[in-house]
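Now for the letters of each chain:
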Amino acid sequence: MLYIRADMNDTIATGHIMRCLAIAEAAKGLGEDTTFITADEIPGELIREKGYQNICLYTAWNRMEEELDPLERIIEEVGIPMLLIDSYYITKEYMKRLREKTKIVYIDDLHAGIWDCDTLINYAVYAKKFQYQKEYPKTKLFLGCQYAPLKKEFAEESFKKQIFKRVQNVLFLTGGTDPAGLSQKFVKSLIEQGEFSGIEFHVICGRYNRNVEVLKKIANQYSNIHIYQNVGQIEIFMKEADIAITAGGTTLYELAAFGVPIICYSMVDNQIDNAQWFAKEGMAVYAGDIRAPRFQIEDLFFELRHLVEDVELRTKLSENGRKNIDGKGAQRIAELLIGRVREDI
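Everything quoted here is computed from the prediction, not taken from an experiment.

**Q** Help me understand the sheet that holds strand β12 (residues 262-266), please; the structure alone is not making it clear to me.
**A** By way of backbone hydrogen bonds, the strands of a sheet pair with one another, either parallel or antiparallel. Read from one edge of the open sheet, 6 strands run β10-β9-β8-β11-β12-β13, paired in parallel fashion. The open sheet has two edge strands, β10 (225-229) and β13 (285-289), and neither has a second partner. The sheet shows a mean angle of 15° between the axes of neighbouring strands, direction not considered. Bridge analysis of strand β11 (residues 243-247) against β12 gives 4 bridges, and the strand direction is parallel. Looking at the pairing, alanine 244 lines up with isoleucine 262 of β12.

**Q** What am I meant to see in unusual backbone geometry here?
**A** For residues that are not glycine, phi is negative in most cases, and the peptide bond is trans in most cases. Unlike most non-glycine residues, tyrosine 58 shows phi in positive territory, near 55°. Position of tyrosine 58 among the secondary structure elements: in the loop between β3 (53-56) and α3 (68-78). Of note in the backbone geometry, asparagine 230 takes a positive phi value of approximately 50° without being a glycine. Mapping asparagine 230 onto the fold places it in the loop between β10 and α8 (234-240).

**Q** Sorry if this is basic, but what is going on with the pairing of strand β6 (residues 119-122) here?
**A** Along any regular strand, the residues point their side chains to alternate faces of the sheet. On β6, burial covers both faces: Thr119 and Ile121 on one face and Leu120 and Asn122 on the other are all buried. Pairing of strand β5 (residues 103-107) with β6, which is carried by 3 bridges, proceeds in the parallel orientation. What sits directly across from isoleucine 107, in β6, is isoleucine 121. Two strands pair when backbone bridges link them, and β6 and strand β7 (residues 140-143) are joined in this way by 4 bridges, in the parallel orientation.

Reading the values: the criteria
- Residues numbered from 1 in each chain as written.
- Predicted model: local features only at pLDDT ≥ 70, side-chain atom pairs only at ≥ 80, totals over all residues.
- Heavy atoms only, no water.
- Pairing = 2+ DSSP bridges.
- Helix = DSSP H or I, 4+ residues; strand = E, 2+ residues; numbered from the N terminus.
- Axes fitted to C-alpha atoms, helices over the stretch in contact; angles between N-to-C directions.
- Buried < 20%, exposed > 50% of the residue type's maximum accessible area, 1.4 Å probe, protein only.

Shown next, in the form of structure tokens:
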């Protein structure tokens, strides 16, 4: 049995739970079941829907030291040999105390501190910019895009992305939340400009997007604008997309694994490095941080026009994405976790 400590809500969105579910899915394929440990009941429905157990601590997700006593009791009572932690709200005291009770694996894509753990995973494209080897001389390190924890569908080797001269489908995504209402701004501006009438626009809204009904009312008047919420098989839309416009989270890695030409933007601090480094590595075009005073919705359309017209650039972005990300990261993580459980590190 694997044990994963992660959370999900309208503030931290779905990313942590979704990537951990991908690891759990890969582990299940290797014969190992997974139990999730969460602060509250919000992620429970999704976790159980996917076929996994959920232990709820009934604590505050953003004050993790307060959960130490109940979590330590669970570790001792259940006999948890190893715990995978995926949260930005850990503290040094939290990690230190837990490591006295069990082996700790931490998914670190912020590099916000030096953590007391046995194994550290950073799958980010920018992981190379940090001095992990010097900072963690006694910790097992697994670094780079080959560990990006994606669902097994993104490792489909038989799928080959075709880059057509004429763009027919554009995918627009904001992730689990859309606090700035960017999807609504994008759709309104798309209608006002009226220059992309020959392209189908598919706008995917996350489960915490509060503007969905407004968007649907607007889109109902236009046959080439389609609004969806909380899509279960988003990979179907990604395969069909000639261009994707997305926030700089895990979705970048999913799109790159399929070779989709990407325009990306950042909407929170932890997406900036992702977006900038995807552009640096030639896997995306970066339109900027939507919170910046100078950012305008037109910045996205400027990049969209450019990419629609430049089939050569779209081809390069597609090739670079497939070259760097093969979609097998969850499988690699599951294999190392299961191996370490059996070795009792």
